[in-house]
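Okay, here's what each chain looks like letter by letter:
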Amino acid sequence: MKVNGRHYRSLWWDDHAHALMIIDQRWLPHDFRVAELRTADNCAVAIREMWVRGAPLIGATAAYAMALRMKADPSNGALDAAWDQLHATRPTAINLRWALDRCRSLLEPLGPPARAEAALALAHELADEDVEINRRIGEHGLALIREITPRKRTGEPVRLLTHCNAGWVATVDWGTATSPMYQAHDAGIALHVWVDETRPRNQGALTAWELGSHGISHSYVVDNAGGHLMQHGLVDMVIVGTDRTTRRGDVCNKIGTYLKALAARDNGVPFYVALPSPTIDWRVDDGFAEIPIEERAPQETTHVLGRTEAGNIEHVLVAPEGTPGGNPAFDVTPSHLVTGLITERGVCEASAAGLAALFPEHSAGDGRSGDRGPDSPAPESAG
Ligand code: MRU
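Throughout, a residue's number is its position along its own chain's written sequence, starting from 1. In view of the model being predicted, local features appear only for residues whose pLDDT reaches at least 70, and side-chain atom pairs are presented and counted only at 80 or more, with totals across whole chains, interfaces and linings using the full set of residues. Computation of side-chain values covers all heavy atoms of the structure but excludes hydrogens and water.

Colleague: Would you mind showing me how to read the overall build of the protein here?
Modeller: Labels follow the DSSP assignment, with helices taken as runs of H or I lasting at least four residues and strands as runs of E lasting at least two, numbered in each case from the N terminus. A tally of helices and strands in the protein yields 13 helices and 18 strands. On C-alpha atoms alone, the protein measures out to a radius of gyration of 20 Å, which is about the 21 Å that the 2.2 N^0.38 rule sets for 383 residues. Viewed in the frame of its principal axes, the protein has a C-alpha envelope of about 65 × 55 × 40 Å. Exposure classes here rest on a 1.4 Å probe applied to the protein chains alone. A residue is buried below 20% of its type maximum, exposed above 50%, and partly exposed in between. For the protein, the proportion of its 383 residues judged to be buried stands at 56%. The contact criterion used is simple: two residues touch if any of their non-hydrogen atoms lie within 4.5 Å. For the protein, restricting intrachain contacts to residue pairs at least 6 apart in sequence, the fraction spanning at least 24 positions comes to 73%. Charged residues are defined narrowly, with Lys and Arg counted positive, Asp and Glu counted negative, and His plus the chain ends left uncounted. One atom stands in for each charge, and that atom is NZ of Lys, CZ of Arg, CG of Asp or CD of Glu. Charge-centre separation for the protein: the mean point of 36 positive side chains lies 2 Å from the mean point of 49 negative side chains. Put simply, the radius of gyration uses C-alpha atoms, and a globule should come to 2.2 Å times the residue count raised to 0.38.

Below is the structure:
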């Protein structure tokens, strides 16, 4: 998407420097900085410290990290060590493992001399695939938004609510939850988006920055506002992203998503999850019991990052000095609270049957055949 009129992806390859270029998200929305990652170690730090973040972008970054490692050392030992190192960076988003497994299954059978080139080609392929998946999610989500418009009075916008940043900077481009918003806006549908700030790291500020850059009307609201807005009929639809969705449709996403789903259910507001297929963990049924929830540093809750009036980007303490913080980064929304899953192949019920209808190649297996791209045959939408 565009930043100051220029099109960017959230990462890109610099052939001349043989390096991965990323938008360094630690500084957004206050400052737009680009960072150069020259080694797999650099990439591992960037994922762990959230220079890059968002499930699909973590996966794409890991694929480029593997390419950088294979260029430096294409041996079997390096391949295994890179897989382990990168997989350990963040535990919840399944896209990381999905991308690493795709790299390993391509590279292992090749002899070491062929690995560097093949790994880089695969990283490019995964990045392009992500863009295409998200574009398609946007088309299917746009159809859902269109269905709301006849109920609107002239000039009244469709009001959406989103949590965290499932935007273009969380993916390679388009975003997942935001792709329908961009496409609806571009189709001339009046929108207003309630953007949850998403403490502790305020990823909502990234969403607000994105929507503002694209000219989409939005308000940045505190995390606790959603229930109130829904009670007053000010939310037509919730759309969020996901870090891992189980084969029965439980959705693990940024902490606080579950509370939005509960409020949506109590108020009859449709609650949709934008779900690229690499985010489905076909090996897992019960999200609550089986998905590891990342526990991040307590300083993320006791401190807030912002820009001072003098223009400096600084952390400030918001809790009493020495207060212990607790920081579970994700929660699980059970499938019965999810109205539907917006995938690249269409919209389906959040259930094993719904997902199996769209992805029949996974329905009978053990979930390990997760390497199909967006051009794999797509059955008709189930929803
Ligand atoms: O901790 P983060 O910022 O990586 O968490 C991101 C989210 O929870 C997103 O909603 C999710 O990854 C979907 S991104 C398309």
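Colleague: Explain the nonpolar core to me, please; I cannot follow it from the model alone.
Modeller: Side chains of a nonpolar character, in soluble globular proteins, are inclined to be buried together. One finds Ile22, Trp168 and Leu191 to be the most contacted residues of the largest nonpolar core, which totals 81 residues. Broken down by element, this core gets its largest block of residues, 14 residues, from helix α5 (residues 112-148). In this structure Leu191 touches Ile145, Pro157, Val158, Leu160, Met181, Ala184, His185, Ile216 and Ser217, once residues within four positions along its chain are discounted. The next biggest cluster of nonpolar side chains, apart from the first, holds 27 residues, and it includes Leu161, Val251, Ile280 and Leu358. Throughout this description, the term nonpolar core refers to a set of buried Ala, Val, Leu, Ile, Met, Phe, Trp, Tyr and Cys residues connected via side-chain atoms within 4.5 Å.

Colleague: Is there a simple way to think about a nonpolar patch on the surface in this case?
Modeller: Distance thresholds for patches are 9 Å for like charges and 5 Å for nonpolar side chains (Val, Leu, Ile, Met, Phe, Trp, Tyr), applied to residues having over 30% relative accessible area and no salt bridge. Using a 1.4 Å probe, accessible areas were evaluated by the Shrake-Rupley method; residue-level cover was limited to the displayed protein chains. Whenever Lys or Arg places a side-chain nitrogen within 4 Å of a carboxyl oxygen from Asp or Glu, that contact is recorded as a salt bridge. On the surface, Tyr258, Leu259 and Leu262 cluster together to form a nonpolar patch covering roughly 270 Å² of accessible area. With respect to the helices and strands, Leu259 occurs in helix α9 (residues 257-267). On the basis of relative accessible area, Leu259 is assigned to the exposed category, the value being 55%.

Colleague: Explain helix α4 (residues 95-107) here, please?
Modeller: Take the residue count of a helix, subtract one, and multiply by 1.5 Å to get its expected span. Across its 13 residues, α4 extends 18 Å between first and last C-alpha, which sits within 8% of the 18 Å expected from 1.5 Å per residue. When we look at burial in α4, the residues that qualify are Asn95, Leu96, Trp98, Ala99, Leu100, Arg102, Cys103 and Leu107. Buried residues along α4 sit in contact with α1 (40-48), α2 (55-72), α3 (76-87) and α5.

Colleague: Before we go on, may I ask you to explain the pairing of strand β15 (residues 313-317) in this structure?
Modeller: In the case of a regular strand, side chains alternate between the two sheet surfaces. Both strand β14 (residues 303-307) and β15 contribute to a ladder of five bridges, which runs antiparallel. Paired with Val304 across the two strands is Val316, which belongs to β15. For two strands to pair, DSSP has to find at least two bridges joining them. In textbook terms, the turn of a hairpin is the stretch between consecutive antiparallel strands, and for β14 and β15 this stretch comprises five residues, one of which, Gly311, has a positive phi near 95°.

Colleague: How should I be thinking about the state of the cysteines in this particular structure?
Modeller: Where two cysteines share a covalent bond between their sulfur atoms, that bond is called a disulfide. What counts as a disulfide here is a pair of cysteine sulfur atoms lying within 2.5 Å. Applying the stated criterion across every chain, the model contains zero disulfides. For the unlinked cysteine Cys43, the closest cysteine sulfur is that of Cys103, found at 11 Å. As a non-bridged cysteine, Cys348 has Cys252 as the owner of its nearest cysteine sulfur, 18 Å distant.

Colleague: It is not clear to me how the pairing of strand β5 (residues 34-37) should be interpreted in this structure. Could you clarify?
Modeller: Of the two faces of β5, only the one carrying Ala35 and Leu37 is buried; Val34 and Glu36 on the other face are not. Pairing geometry for strand β4 (residues 19-23) and β5, over four bridges, is antiparallel. Bridge pairing in β5 places Ile23 opposite Val34.

Colleague: How should the sheet that holds strand β3 (residues 11-14) be read in this particular structure?
Modeller: Here three strands make up an open sheet; going across it, the order is β3-β4-β5 and the pairing antiparallel. Two strands lie at the open edges of the sheet, namely β3 and β5, each paired on one side alone. Neighbour-to-neighbour, the strand axes of this sheet turn through a mean angle of 25°, independent of strand direction. Along the sheet, α2 makes contact with β3, β4 and β5, crossing β3 at roughly 15°. Fitted lines through C-alpha atoms serve as axes, helices being fitted only where they are in contact, and the angles separating the N-to-C directions of these axes extend from 0 to 180 degrees.

Colleague: Hey, could you run me through the packing of aromatic side chains in this one?
Modeller: For any pair of aromatic rings, the description consists of the separation of the ring centres together with the inter-plane angle of the planes. The criterion for an aromatic pair is that two Phe, Tyr or Trp rings (for Trp, the six-membered ring) have centres within 6.5 Å, with stacked assigned to planes under 30 degrees apart, edge-to-face to planes over 60 apart and tilted to the rest. Summed over all chains, the structure comprises six aromatic pairs. Residues Phe32 and Trp209 carry aromatic rings whose centres are separated by 6.4 Å and whose planes lie at 25° to one another, so their mutual orientation is stacked. Of the two residues, Phe32 is situated in the loop between β4 and β5 and Trp209 in helix α7 (residues 204-213); the sequence distance between them amounts to 177 residues. Of the residues examined, Phe32 reaches a relative accessible area of 27% and is grouped as partly exposed.

Colleague: What's the story with the site of the ligand in this structure? I'm lost.
Modeller: When we say a residue is near a molecule or strand, we mean one of its heavy atoms is within 4 Å of it. By nearness alone, 18 residues border the ligand, and Arg53, Arg90, Asp243, Asn253 and Lys254 come closest of all. In protein, a polar contact means a hydrogen-donor-capable atom and an acceptor-capable atom, both N or O and within 3.5 Å, with residues adjacent in sequence counting only if both atoms are side-chain atoms; elsewhere, any N or O pair within 3.5 Å suffices. Within the side chain of Arg90, an N or O atom sits 2.8 Å from an oxygen atom of the ligand. Here an oxygen atom of the ligand sits 2.7 Å away from a polar atom, N or O, in the side chain of Asp243. Out of a free accessible area of 410 Å², the ligand has 100% covered by protein chains. Every definition here rests on a 1 Å grid over the protein atoms only: cavities are sets of points where a 1.4 Å probe fits but cannot get out, pockets are open sets enclosed by protein on both sides within 12 Å along at least five of seven lines, and lining residues have some atom within 4 Å of a point. A molecule is said to be in a cavity or pocket once over half of its atoms fall within 2 Å of that pocket's grid points. Most atoms of the ligand, that is more than half of them, are within 2 Å of grid points of the largest cavity.

Colleague: How should I be thinking about the environment of Ser335 in this particular structure?
Modeller: Tracing the sequence through the fold places Ser335 in the loop between β16 (330-333) and β17 (340-343). Take Ser335: its relative accessible area is 17%, and that puts it in the buried class. The spacing of Ser335 and Ala17 is 318 residues in sequence and 45 Å in space, taken between C-alpha atoms. Non-local contacts of Ser335, meaning those with residues more than four positions away in its chain, are made with Arg248, Gly249, Asp250 and Ala350.

Colleague: It is not clear to me how the layout of surface pockets should be interpreted in this structure. Could you clarify?
Modeller: If you roll a probe as big as a water molecule over the atoms, it shows you where there is empty space left. Grid points are joined across faces, edges and corners, and a volume is the space filled by probe spheres set on the points. One number sums up the size of the largest pocket: a volume of about 670 Å³. For the largest pocket, the lining is made up of 25 residues, of which Arg26, Arg201, Glu300, Leu305 and His315 are closest to its centre. Only α7, α11 (299-302) and β14 provide two or more residues apiece to the lining of the largest pocket. In terms of residues, the lining of the largest pocket owes the most to one element, β14, which gives four residues. Amino acids outside the nonpolar list (Ala, Val, Leu, Ile, Met, Phe, Trp, Tyr, Cys, Pro) and the charged list (Asp, Glu, Lys, Arg) are all regarded as polar, and Gly is one of them. Of the residues contributing to the lining of the largest pocket, the split by class is 10 nonpolar, eight polar and seven charged.

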